[in-house]
Amino acid sequence: MSRTIIISNRLPTKVQRTAKGLTFQPSEGGLATGLGSIYQSGDNVWVGWPGLFVEDPAEEQHVTEQLQQDSMAPVFLTEAEIRDFYEGFSNSTLWPTFHYFSQYATYEQAHWEAYVAVNEKFCQAVLALAGPDDTIWVHDYQLLLLPEMLRRARPECTIGFFLHIPFPSYEMIRVLPWGAELLQGMLGADLIGFHTYSYMRHFLSAVSQMLGYSSQNGQIETPSRTVLVDAFPMGIDYQRYADAAASEAAQAHARTYGAAMHGARVVLSIDRLDYTKGISLRLRAFEELLHRYPKWHEQVSLLMIVVPSRDQVAQYAALKEEIDELAGRINAQYSTISWTPIHYFYRSLPFEELAALYRLADVALVTPVRDGMNLVAKEFVASKADQRGVLILSERAGAAQELSDALLINPTDTNQLVEAMHEALLMPEEEQVLRMTHMQTLVQQYNVFAWTELFLNRLTYSKIKQLTLSTD
Ligand code: G6P
């Protein structure tokens, strides 16, 4: 029987070293939820990095056995690989380039070589498991070369690839010394998926200009094969958020938080620490709101959760300093004995507390300068059982293509952001309900399970089509 093999840089379980030994924490992430029922059924398996550096062979054996019981196969990375492949090429070259931050990108031959070597390492791990008829689904920018590596070894395999971050304009890709190789790597797949049509168009244009392969209706003709390309906007587990926010526990948490904030209205901001998220622009806009509209003093607080991320990469460490400084400065200027303008948490929160915050928030401020999709926007929408609450959303997040009932803003336009917050805080309830109801219908329908099914069905179809074409 053929099996489905999922591959992503990170496994859906995070292994951590604590004082009490190793802990195995299932990830709350959208991908883990969406693919949970797939990789855990039958002989299917998820291949990826367990998220920590393991030196001791006995410990490696222990981690492997533990993960195997849960249908996962770990790929261990050495310290040098974490530095050059993960922090280096993935997060200091590809991540900034694909998010239009080329001024932050580094171009190191050693990082590229580590990227090739680690993609090869993943390839060997998959080949050890995959039979000729298996379906292989590769995820995200850390593994752009893997589809082609697998294709060479297993020409008959069904291979899908999904990119979770933006695919930028050809003008950004052409800056990369290894742009053509990266495109060739992706083209090893039978089906390539993006969150939006514009990412897909950028990809087709880069393939045409850099490799000379033409396409029609999302079908690329390479010298050896046809590759399908399409947009599949990723969703969330809607019901899980709706249920959690409506739960007794979330209501109790929300009451406690509400009381602690002395009834101030809540503007919520939740992100991984990342320069793509526009966190400092958002803080400056909140400062300007307090300056321009003193009526909100003591009436509104910004509740800002920043989840630590990639802190070994220089830009991230610098951003943390900047945010700390900004939040401190604004609080020092505006706080009163009974009111704190910004409640700032630098940590991740348990799911129930997150649900309570979504429930409590009057406004969600989701203002990335670039974001492949942004699931926080969808989680907020799913959590609003009474349809009250306003989403302010960056037009440069993939989610803006679907959530046109949000207040859409340009995140670099501070003035627009200030006015959007002001408008959101004054928005009549009927309008809030109308906008939220529209968005809920959409987020509920195109949830993460529909996304998975759509992609996998299309992948099967693309393979059937290829086989038909090759026998014609
Ligand atoms: C983004 C990427 C994912 C990545 C996640 C967390 O969502 O698309 O591939 O796993 O960020 O980043 P990290 O570097 O911690 O894996």
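Preceding this paragraph is the structure being described.
Remember, predicted model here, so these are calculated numbers, not experimental data.

Cut-offs and rules
One numbering rule holds for all chains: residues counted from 1, following each sequence as written. Only residues with pLDDT of at least 70 are given local features in this predicted model, and only at 80 or more are side-chain atom pairs given and counted; all residues enter the totals for whole chains, interfaces and linings. A run of H or I in DSSP counts as a helix once it spans at least four residues, and a run of E counts as a strand once it spans at least two, with each numbered from the N terminus. For this measure, only C-alpha atoms enter the radius of gyration; the expected value for a globule follows 2.2 Å times N^0.38, where N is the number of residues. Exposed residues have 12 or fewer other C-beta atoms within 10 Å of their own C-beta, buried residues have 20 or more, and residues in between are partly exposed; the C-beta atoms are placed from the backbone. A pair of residues counts as a contact when their C-beta atoms, built from backbone coordinates, are within 7 Å of each other. A fitted line through C-alpha atoms represents every axis, and for helices the fit uses only the stretch in contact; the resulting angles, taken between N-to-C directions, go from 0 to 180 degrees. Reported orientations rely on four angle classes, namely roughly parallel under 35 degrees, roughly antiparallel over 145, roughly perpendicular from 65 to 115, and oblique for the rest. Left-handed is the label given to a crossing in which the near helix is rotated counterclockwise from the far helix by less than a right angle, and right-handed is the label when the rotation is clockwise. Throughout this entry, Asp, Glu, Lys and Arg are counted as charged residues, while Ala, Val, Leu, Ile, Met, Phe, Trp, Tyr, Cys and Pro are counted as nonpolar. The remaining residues, Gly among them, count as polar. We call a residue near a molecule or strand when its C-beta atom, built from the backbone, sits within 6 Å of it. Note on pairing: two strands pair once DSSP finds at least 2 bridges between them. Orient the strands so they point away from the viewer, and a crossover whose first-strand-to-second-strand path over the helix runs clockwise is right-handed.

1. Examining the overall build of the protein
Scanning the protein from N- to C-terminus turns up 17 helices and 17 strands. The C-alpha atoms of the protein give 23 Å as radius of gyration, which agrees with the globular expectation for 472 residues (23 Å, within 12%). Principal-axis analysis of the C-alpha atoms gives the protein an extent of 70 × 55 × 40 Å. Counting across all 472 residues of the protein, residues that qualify as buried make up 46%. When contacts within the protein are restricted to residue pairs at least 6 apart in sequence, those whose partners lie at least 24 apart make up 76%.

2. Looking at the packing of helix α4 (residues 109-127) against helix α5 (residues 146-153)
Relative to each other, α4 and α5 sit at 45 degrees, their axes nearing to 9 Å. Compared by their axis directions, α4 and α5 come out oblique. In this structure, α4 crosses over α5, and the sense of that crossing is right-handed. Taken together, the residues of α5 that come into contact with α4 (itself represented by N119, E120, F122, C123, V126 and L127) are L146, M149, L150 and A153. Taken together, the residues that form the contact of α4 with α5 break down as eight nonpolar, one polar and one charged.

3. Overview of the site of the ligand
For the ligand, the full set of nearby residues is N9, R10, D140, H164, I165, S309 and R310. Residue classes in the shell around the ligand are distributed as one nonpolar, three polar and three charged.

4. Points about the pairing of strand β6 (residues 135-139)
Along β6, five of the five residues are buried, which leaves the element largely enclosed by surrounding structure. Alternating residues of β6 divide into T135, W137 and H139 and I136 and V138, and every residue in both groups is buried. Note: strand β1 (residues 4-10) against β6, four bridges, orientation parallel. Considered in β6, the bridge of I5 is made with I136. Across five bridges, β6 lies against strand β7 (residues 158-162) in parallel orientation. Along β7, the bridge assignment pairs V138 with F161. Taken together, β6, α5 and β7 form a β-α-β motif whose crossover is right-handed.

5. Some remarks on the sheet that holds strand β9 (residues 215-216)
The strand order across the open sheet built from nine strands is β5-β4-β1-β6-β7-β8-β11-β10-β9, with neighbouring strands paired in mixed fashion. Of all strands in the sheet, those bounded by a partner on one side alone are β5 (72-74) and β9. Contacting β1, β4 (45-49) and β6, helix α1 (residues 30-39) runs over the sheet at an angle of about 150 degrees to β1.

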